Protein chains: 2
Amino acid sequence: MQNALLLKYEKFVRLSAAERAALMALTPGAKKRLRAKEDIVREGAAPQFVYLIVSGWACRYKTLEDGRRQIIAFLLPGDLCDLNALVLRTMDHSIGALTDVEYVEAPKKVFDQIAAEYPRLMQAMIWDGLVSASIQREWTVNLGQRTASERMAHLFCEIYHRLQAIEMAHDGRIILPLTQIDLADTVGISAVHVNRILQDLRARGLIQWRNADFFIPDLQALMRVGLFNPNYLHFDREGAHLDANE
Amino acid sequence: MQNALLLKYEKFVRLSAAERAALMALTPGAKKRLRAKEDIVREGAAPQFVYLIVSGWACRYKTLEDGRRQIIAFLLPGDLCDLNALVLRTMDHSIGALTDVEYVEAPKKVFDQIAAEYPRLMQAMIWDGLVSASIQREWTVNLGQRTASERMAHLFCEIYHRLQAIEMAHDGRIILPLTQIDLADTVGISAVHVNRILQDLRARGLIQWRNADFFIPDLQALMRVGLFNPNYLHFDREGAHLDANE
DNA sequence: CGAGCGATTGATCATAATCAAGCGATGTGG
DNA sequence: CCACATCGCTTGATTATGATCAATCGCTCG
């Protein structure tokens, strides 16, 4: 697999060979592994590193006192967790593995160096953080205004677009390693209701899903159902005016 | 009224006199005024400035094709809108005035200068942006997991804490200039239902609200009802190790 | 004075939660 | 190798939460 982080950044700006090399060398430490359901960092902890997801799916989540869990964001390969979380002393949420996950830890000083030497790369990192914030806002809209089936459709469209950006989607097909319970905790409805919505979407020919193989026969149709507009992902090379000219 | 931005930043780090002066001089332009319901920036536009709310309440919001509106964030006096939104070419949401609003526009270069000359001040600005992101995550939890009355209670607690940080809350009393429709579009329930939840909270002695005068007799009780934990606001001077020593 | 807006109330309907049970696949220990 | 437990998915029945529809009231403003 190609470097997902690199692929994603090129959705914003074209990087120079030197920048690409700096990105590849970002994380000197060894790869770490985690099993599904284990935590990378827990709420209340003091984060020491920035984490880069190499493979697998992780998520940010919060739990209420009585056990209700809300998944706040999905972390996919190439996602850097909280570039500047080092400013905040304590984590206000947890990061956990949804599948088996490989990740690397990058110390803070690496980023100081990037900021100093590769301003365009730094811009790309800031852009990435702003896109995450934009996604978070869209989730607010999703939970606040859309109906259950609209929410599910919207979520699938978002996941598809994000995976496509890192070349993990082809011809409407993706690997979706989530359980229905994960989906329930993401879109804020019960697992039973998720199951019924899925059956409805299947019956309407909008999705196919067996094991982890997920297929969207007609993306435009699913986008209409979910009132999905991809603008908020900012994948249309908004940094083109900064492109490296090599 | 004191400078709200300054008051807020001091919840993170103690600033030097020079930094305080730089902050006061941030926005050379004249104050602009807007009536309630007018927009500061609209989705799709290319923002030219960073906006600082001086007085009044504004909000970020998004509208679905069929008219459903979701308020995504409240912007209170001292809130700086999207310090680094200048990286993104187009707005993915709108910013509108909920009450009459006074604001000032700050050009990008002012921030380059601050970054170069006042690193501690820059840290405070980054902290502020991270707190906004944290609030957005908490809203995701609010909409996804809490019941209607929990949501309302939680929202009131959050607003109270934020106003307290800029000294606009005293002894449980705040000015709350929102309509029930605004609240409905914020917590994702219908206006009729908001009205009924409010009556319930009133009947239980948890809130009093006449015109814009809002009173919380027992904040701890309201916090329990809303499962509210203020950690996510990061108001406990997490930057104390960076304090100016004057 | 009439229009418009926000708040309020009642009645009815729709969406989604909860409770309960069963199924199939997987994995584990005796 | 089988018995058993667990987990995720599925289905049905019932209940609860909140939406929708409709009407009224008070207030402000032109």
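Each value, and the rule that gives it
Residues numbered from 1 in each chain as written. Chains lettered and ligands numbered in written order. Predicted model: local features only at pLDDT ≥ 70, side-chain atom pairs only at ≥ 80, totals over all residues. Heavy atoms only, no water. Domains from an automatic or database assignment. Contact = heavy atoms within 4.5 Å. Buried area = accessible area lost by both parts, 1.4 Å probe. Salt bridge = Lys/Arg side-chain N within 4 Å of Asp/Glu carboxyl O. Polar contact = N/O pair within 3.5 Å; in protein donor to acceptor, adjacent residues only side chain to side chain. Helix = DSSP H or I, 4+ residues; strand = E, 2+ residues; numbered from the N terminus. Nonpolar A, V, L, I, M, F, W, Y, C, P; charged D, E, K, R; others polar. Near = heavy atom within 4 Å. Buried < 20%, exposed > 50% of the residue type's maximum accessible area, 1.4 Å probe, protein only. Least-squares fit on C-alpha atoms with pLDDT ≥ 70 in both.

1. Some details on the domain arrangement of chain A
All names here are of chain A. We note that the domain assignment places domain 1 (2-119) and domain 2 (136-233) within chain A. In this structure, domain 1 and domain 2 have C-alpha centres spaced 23 Å apart. Each partner contributes residues to the interface: domain 1 has 17 residues there, and domain 2 has 20 residues. Across the domain 1 to domain 2 interface the summed buried area is about 1,600 Å²; carbon plus sulfur atoms make up 62%. On the domain 1 side of the interface with domain 2, the three residues burying the most area are Trp 57, Arg 69 and Phe 74, jointly 36% of the side's total. Across the contact surface, domain 1 and domain 2 share three salt bridges. Where Asp 182 meets Arg 69, a salt bridge forms, and the shortest distance between an N and an O atom there is 3.0 Å. Seen at the junction of domain 1 and domain 2, the total is eight residue pairs in polar contact (both at pLDDT 80 or more). At the level of secondary structure, the elements contributing two or more residues to the side of domain 1 that touches domain 2 comprise helix 1 (4-9) and strand 5 (69-75). The element that contributes the greatest number of residues to the side of domain 1 that touches domain 2 is strand 5, accounting for six residues. When the residues that make up the side of domain 1 that touches domain 2 are grouped by side-chain class, the tally is ten nonpolar, three polar and four charged.

2. Quick word on the protein's contact with DNA strand C
Close contacts around DNA strand C come from 17 residues, with Ser 190 of chain A together with Gln 180, Asn 195, Arg 196 and Gln 199 of chain B the closest. For DNA strand C, the fraction of protein-proximal atoms (within 4 Å) that sit in sugar or phosphate groups is 65%. In the environment of DNA strand C, a phosphate oxygen lies 3.3 Å from a nitrogen or oxygen atom belonging to the side chain of His 193 of chain A. Asn 195 of chain B has a polar side-chain atom sitting 2.7 Å from a phosphate oxygen of DNA strand C. Breaking the surface near DNA strand C down by element, the ones donating at least two residues are helix 7 (191-203) of chain A together with helix 6 (180-187) and helix 7 (191-203) of chain B.

3. Regarding unusual backbone geometry
Located in the positive-phi region is Lys 37 of chain A, a residue other than glycine, with phi close to 80°. Lys 37 of chain A sits in the exposed class, given a relative accessible area of 78%. For His 234 of chain B, which is not a glycine, the phi torsion comes out positive at approximately 50°.

4. Concerning the relation of the copies chain B and chain A
Of the transformation placing chain B onto chain A, the axial shift is 0.0 Å and the rotation is 180°, giving an RMSD of 0.0 Å. Each copy turns onto its partner about a two-fold axis. The share of interface residues of chain B whose copies in chain A are also at the interface is 100%, consistent with both copies meeting through the same surface.

5. Digging into the protein's contact with DNA strand D
Around DNA strand D, the structure places 16 residues, and the nearest of them are Gln 180, Asn 195, Arg 196 and Gln 199 of chain A together with Ser 190 of chain B. Close to the protein, within 4 Å, the atoms of DNA strand D are drawn from sugar and phosphate at a rate of 65%. In this structure, Lys 37 of chain A approaches DNA strand D through a side-chain N or O atom, which is 3.3 Å from a phosphate oxygen. Within the contact set of DNA strand D, a base nitrogen lies 2.4 Å away from a side-chain nitrogen or oxygen of Arg 196 of chain A.

6. Thoughts on the pattern of salt bridges
Considering all chains together, one arrives at 40 salt bridges over all chains under this definition. Salt-bridge contacts for Asp 66 of chain B lead to Arg 68 of chain B; the nearest nitrogen and oxygen are separated by 2.8 Å. When salt bridges that share partners are traced, they join Lys 8, Asp 79, Asp 128 and Arg 162 of chain A into one network.

7. Side note on the interface of chain B and chain A
On the side of chain A, 42 residues touch chain B, which itself brings 42 residues to the contact. Surface buried jointly by chain B and chain A totals about 4,000 Å² across both partners, of which 58% is contributed by carbon and sulfur atoms. We note a salt bridge from Lys 62 of chain A to Glu 138 of chain B, for which the minimum N-O separation is 2.3 Å. Connecting chain B to chain A are 22 residue pairs in polar contact (both at pLDDT 80 or more). Taken together, the elements giving at least two residues each to the side of chain B that touches chain A come down to strand 4 (58-63), strand 5 (69-75) and helix 4 (119-145) of chain B. When residues in the side of chain B that touches chain A are grouped by element, the largest group, 14 residues, is from helix 4 of chain B. Partitioning the side of chain B that touches chain A into residue classes produces 14 nonpolar, 13 polar and 15 charged.

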